[in-house]
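Structural characterization, general
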Amino acid sequence: MRIVVLTGAGISAESGLATFRGEDGLWEGHHPADVATPEAFEANPTLVQRFYDERRAALTRVEPNAAHVALAQLESALGNDLYLVTQNIDDLHERGGSERVHHMHGRLRAAWCLACNERHVWEEALTDGPPCPSCHSSMLRPDIVWFGEVPYGMESIDQELADCDLFVSIGTSGVVYPAAAFVHYAIGNGKRTLELNLETSDTTSDFHESRRGPASELVPAWVEEVLSGRSG
Ligand code: BV8
């Protein structure tokens, strides 16, 4: 059985990372439009760089949770029959043991040089304009897909959605496109669909089945079902 799993900020919430939409729509104290768009970066690069520097630094203070670990166990069992695509820019899937993670919105621990177009694994701050390891210019930005930018790997995601038997969405509000449309694409291609989420999302009604609860409980239970052959 081939499974596509999409994760969002909710899978990392129990690890202590803020989800994207807090109560007041602020995200780490900022409106998304003020920090997660190319226009914001153009207008106030220091604010945007600092916003991502703080989130990159926060990664060292959090650990993957049982949901991340369960998906890594599923990958061990299914191999290439599992395609894990995440909207998250944290590295908790990798630190939970997943080896093939597709970050459609980029990664906090990567920098993209606007001078030479090279991308680099990056752990430190970018606010002080460190030199690009390749061309030494100080034009590094976070390698993250902002609003209005094209997500990474859309062709392979579309192909995997066309080839899978089951599409599972974990911890996402179903607000941001094109990720929010994956369930519609899966349904349109006759796939079974399952949502694992703490609350009702914008796309809950599109899923064949939606389970309510924290990812650290729902995901291990679901993976156990798959591995024991009880369900998809
Ligand atoms: C694009 C990187 C063209 C930055 C992010 C009008 C209508 C429709 C669409 C648009 C529109 N105007 C503009 C658009 C397009 C726009 C968009 O969708 N805007 C929205 C706001 C309306 N999209 C884009 O611009 C995208 N690009 O469209 O290009 C294109 C399209 C297709 C093909 C080619 C070209 C680019 C979007 C990427 C933006 N970058 N992230 C960063 O992270 O700093 S998006 C950001 O939102 C994060 O990636 C985040 O992951 C993502 C989605 O949020 P969620 O992950 O869902 O997080 P959220 O907090 O919302 O929800 C958490 C959920 O978890 C909740 O449901 C909660 O109940 C649940 N939860 C909480 N705790 C738990 C839990 N679940 C389980 N257990 C728990 N413990």
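Residues numbered from 1 in each chain as written. Predicted model: local features only at pLDDT ≥ 70, side-chain atom pairs only at ≥ 80, totals over all residues. Heavy atoms only, no water.

Counting buried positions along strand 8 (residues 192-197) gives 5 out of 6 residues, so the element sits mostly inside the fold. Bridge count for strand 7 (residues 166-170) against strand 8 is 5 bridges, and the pairing is parallel. Pairing of Ile170 across the sheet is with Leu196, part of strand 8. Each parallel crossover has a hand, and the one from strand 7 via helix 8 (residues 182-188) to strand 8 is right-handed. Examined bridge by bridge, strand 8 and strand 9 (residues 209-212) share 4 bridges and lie parallel to one another. Bridge pairing in strand 9 places Leu196 opposite Arg211. (Buried < 20%, exposed > 50% of the residue type's maximum accessible area, 1.4 Å probe, protein only. Helix = DSSP H or I, 4+ residues; strand = E, 2+ residues; numbered from the N terminus. Pairing = 2+ DSSP bridges. Right-handed = clockwise from strand over helix to strand, strands pointing away.)

Where strands meet in a sheet, backbone hydrogen bonds hold them as pairs that are either parallel or antiparallel. Taken together, 6 strands build an open sheet; the order of strands is 3-2-1-7-8-9 and the sheet is parallel. Looking at strand neighbours, the two that pair on one side only are strand 3 (101-103) and strand 9, the edges of this open sheet. On average, adjacent strands in this sheet sit at an angle of 20 degrees to one another, irrespective of strand direction. Across the sheet, helix 7 (residues 154-163) lies against strand 1 (3-7), strand 2 (82-86) and strand 7, angled at about 135 degrees from strand 2, the strand it touches most. (Axes fitted to C-alpha atoms, helices over the stretch in contact; angles between N-to-C directions. Contact = heavy atoms within 4.5 Å.)

Applying the stated rule across the entire model yields 10 salt bridges. The partner of Asp91 in a salt bridge is Arg95, with the nearest N and O atoms 3.4 Å apart. Since its relative accessible area comes to 33%, Arg95 is described here as partly exposed. The shortest N-O distance in the salt bridge between Arg141 and Glu149 comes to 2.8 Å. The exposure class of Arg141 is buried, given its relative accessible area of 5%. Taken together, the shared-partner salt bridges connect Glu63, Asp91, Arg95, Arg109 and Glu123 into one network. (Salt bridge = Lys/Arg side-chain N within 4 Å of Asp/Glu carboxyl O.)

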